[in-house]
Amino acid sequence: MSSLADFQNEIYLRGLGDVVPELPTDLTRLEALAERRLSAAAFGYVAGAAGSEATARANREAFDRWRIVPRMLRDVAARDLSVRVLGTPMPAPVALAPVGVQSIFHPDGERAAARAAAATGLPYVLSTASSFSIEEVAQANGDGPRWYQLYWPKDRELAVSFLERAAAAGYTALVVTLDTFALAWRPRDLDQAYLPFLRGIGVANYFSDPVFQKAVGGPVTEANRDAAILHWAANFGNPSLTWDDLVFLREHWHGPIALKGIQHPDDARRAVDAGMDGVIVSNHGGRQIDGAVASLDALPPVVEAVRDQAEVLFDSGVRTGGDIAKALALGAKAVLVGRPFVYGLALGGEAGVTHVLRCLLAELDLTLMLSGHARVADLGPALLVSA
Ligand SMILES: Cc1cc2nc3c(=O)[nH]c(=O)nc-3n(C[C@H](O)[C@H](O)[C@H](O)COP(=O)(O)O)c2cc1C
Ligand SMILES: O=C(O)C(=O)c1ccccc1
């Protein structure tokens, strides 16, 4: 962790020798660079959002409506960014958001990102829709902390198989994504007729699964590949799930569980009532409902509703260390970062992801220090005024 906190010094020292970092340290510039590197289809898939993309913009605007008010002379020489979230000790309150089909951004996909996560000590959250399997990514992640994100399929036996595989491969917490039981209206993908799954990309966990294979008459080969993809499409999401179904997850997962996609305080209370350990306030990066509330605006009411009865995590729109400080000040215990690390992956594989994570942590550390805070736990609403 000390090397992370010292990252800004490293950059300044390299600057003395006129060594310019390979990727920009202003992470908001990565999207434009990634656009030049990726195919139009892959870029549209990551950068795009639902409909007119109003909610994706609102996610950013919500951060801009809060401003940090620094405090002086508070001895911030020694700082501690560490937290413990969903049973996992973390060097800083940041995790890599579950992002599917990462092989469309870099051939090493999730394996490269999971190696970068392990190198920084931040949790890697593996999507069910990954291009490498639960077991392959666990191997790449090694001793790093890792959580598993479930897309809860219609077939319950398949869901149980995913959970058993994840537990056996060392994923310690379960993230259940509730807001994407169907893919939304995403014009960039629709206009390019681009859905990687229909080309058999991002389905590694399904095709490698014994329960899935049984359902399609054996291992997936050229002969049953189209049928397997159709079976995937028919099984991917289940719109008929209700709160009562969470009992089933509790029976089959023996670690912490967080529900991802919570935006309403009443849903947060229901999560607590259902015995969940955490909620992730998220609108999926604006990728599901165009016109939906900015995720940061949904955070304070959820924090208020949950109080200390579950851990509240946050994502959607985090781009800088200052953004992380704002989300923590509004009550999040940790944040997840999506697109920025994907752009790092596209631009530099494992090293690109490491760059993004280290920049975020260094900037967060500086923001804390310069605003007069030695510990993340000291951040609260007093840090902020509305712009
Ligand atoms: C390309 C892409 C793929 C994603 N795939 C998943 C996924 O498989 N599972 C999931 O729960 N969320 C997925 N998400 C949503 C992220 O976990 C996260 O909620 C979102 O990216 C946060 O917003 P941000 O990109 O503004 O940081 C995906 C997001 C992107 C950009
Ligand atoms: O693209 C996404 O946002 C997403 O969550 C997803 C959904 C299905 C498969 C892969 C990713």
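Preceding this section is the structure that the text describes.
Only a predicted model underlies this, so the values are computations on that prediction, with no experimental measurement involved.

Turning our eyes to something else, we now look at the site of ligand 1. Neighbouring residues of ligand 1: 21 residues in total, closest P98, S127, T177, D315 and R319. R319 has a polar side-chain atom sitting 2.8 Å from an oxygen atom of ligand 1. In the environment of ligand 1, an oxygen atom lies 3.0 Å from a nitrogen or oxygen atom belonging to the backbone of G338. Summarising the interface, the protein chains cover 98% of the accessible area of ligand 1, which totals 600 Å² for the free molecule.

Glancing now at the packing of aromatic side chains. Scanning the entire structure with this criterion turns up 11 aromatic pairs. Residues Y148 and Y171 carry aromatic rings whose centres are separated by 6.1 Å and whose planes lie at 75° to one another, so their mutual orientation is edge-to-face. With a gap of 23 residues between them, Y148 in strand β6 (residues 146–150) and Y171 in the loop between α8 (156–168) and β7 (173–177) connect regions that are remote in the sequence. The buried category is assigned to Y148, whose relative accessible area is 0%. Given the relative accessible area of 3%, Y171 is considered buried. Here a set of aromatic residues connected by ring pairs shows up, and it is made of Y151, F162, F197, Y206, F207, F212, W232 and F236. Sitting above the plane of the Y45 ring, R287 keeps its charged end 5.1 Å from the centroid.

What follows deals with the environment of R270. When you line up the elements, R270 lands in helix α14 (residues 265–273). Under the relative-accessibility criterion, R270 is labelled partly exposed at 44%. Sequence spacing of R270 and V76 is 194 residues, and the spatial spacing of their C-alpha atoms is 39 Å.

Another aspect to go through is the site of ligand 2. In the neighbourhood of ligand 2, the contacting residues comprise Y45, A129, Y151, L183, R186, F197, F236, H284 and R287. Y151 places a side-chain nitrogen or oxygen 2.6 Å from an oxygen atom of ligand 2. When ligand 2 is considered free in solution it has 300 Å² of accessible area, and contact with the protein chains removes 94% of it. For the shell around ligand 2, the per-class residue count stands at six nonpolar, one polar and two charged.

Take helix α2 (residues 7–16) next. Taken as a whole, α2 has its buried residues at F7, Q8 and I11. Taken end-on, α2 shows its buried residues confined to a sector of 105°, consistent with a single buried face. Structural note: α2 exposes Y12, L13 and L16 on the side pointing more than 90 degrees away from its buried face. Immediately downstream of α2, the backbone of D18 shows phi near 60°, a positive value.

Attention now goes to the environment of D273. Mapped onto the fold, D273 is located in helix α14. Placed 30 residues apart in sequence, D273 and W243 show a C-alpha to C-alpha distance of 9.8 Å.

For α8, spanning 13 residues, the distance from its first C-alpha to its last is 18 Å, which sits close to the expected 18 Å at 1.5 Å a residue. If you check which residues of α8 are buried, you get L158, A159, V160, S161, F162, L163, R165 and A166. Here the buried face of α8 lies against α7 (134–141), β6, β7, α10 (204–207), α11 (210–215) and α13 (246–252). Capping the start of α8, D155 holds a side-chain oxygen 2.9 Å from the backbone nitrogen of E157, two or three residues further along. Looking one or two residues beyond α8, the residue adopting positive phi is G170, at roughly 90°.

Conventions adopted
- Residue numbers restart at each chain and count upward from 1, following the sequence in its written direction.
- Lettering of chains starts at A and numbering of ligands starts at 1, both following the order in which they are written.
- Side-chain atom pairs in this predicted model are given and counted only at pLDDT of 80 or more, local residue features only at pLDDT of at least 70, and totals for whole chains, interfaces and linings cover all residues.
- Heavy atoms from the whole structure form the basis of all side-chain values; hydrogens and water molecules are not counted.
- Any residue with a heavy atom lying within 4 Å of a molecule or strand is counted as near it.
- In the analysis that follows, any N or O atom pair within 3.5 Å is treated as a polar contact, provided that within protein one partner can donate a hydrogen and the other can accept it, and provided that, for residues neighboring in sequence, both atoms belong to side chains.
- Each accessible area value is a Shrake-Rupley result obtained with a 1.4 Å probe; residue values ignore everything except the protein chains displayed when judging cover.
- A pair of Phe, Tyr and Trp rings is counted when the ring centres sit within 6.5 Å of each other, with Trp represented by its six-membered ring. The angle between the planes then sorts it: under 30 degrees is stacked, over 60 is edge-to-face, the rest tilted.
- Per the convention used, a helix needs a DSSP run of H or I reaching at least four residues, while a strand needs a run of E reaching at least two, with both numbered from the N terminus.
- The buried label applies to any residue whose accessible area, calculated with a 1.4 Å probe on protein chains only, is under 20% of its type's maximum; exposed applies above 50%, and partly exposed to all values in between.
- The rule for a charge over a ring is simple: NZ of Lys or CZ of Arg within 6 Å of the ring centre, and within 35 degrees of the ring normal.
- All residues other than Ala, Val, Leu, Ile, Met, Phe, Trp, Tyr, Cys, Pro, Asp, Glu, Lys and Arg, Gly among them, are scored as polar; the first ten of these are nonpolar and the last four charged.
- Regarding the arc, it is the one traced by the directions from the helix axis to the C-beta atoms.
- To estimate how far a helix should reach, multiply one less than its number of residues by 1.5 Å.
- Two residues qualify as a contact provided that any one of their heavy atoms is within 4.5 Å of a heavy atom in the partner residue.

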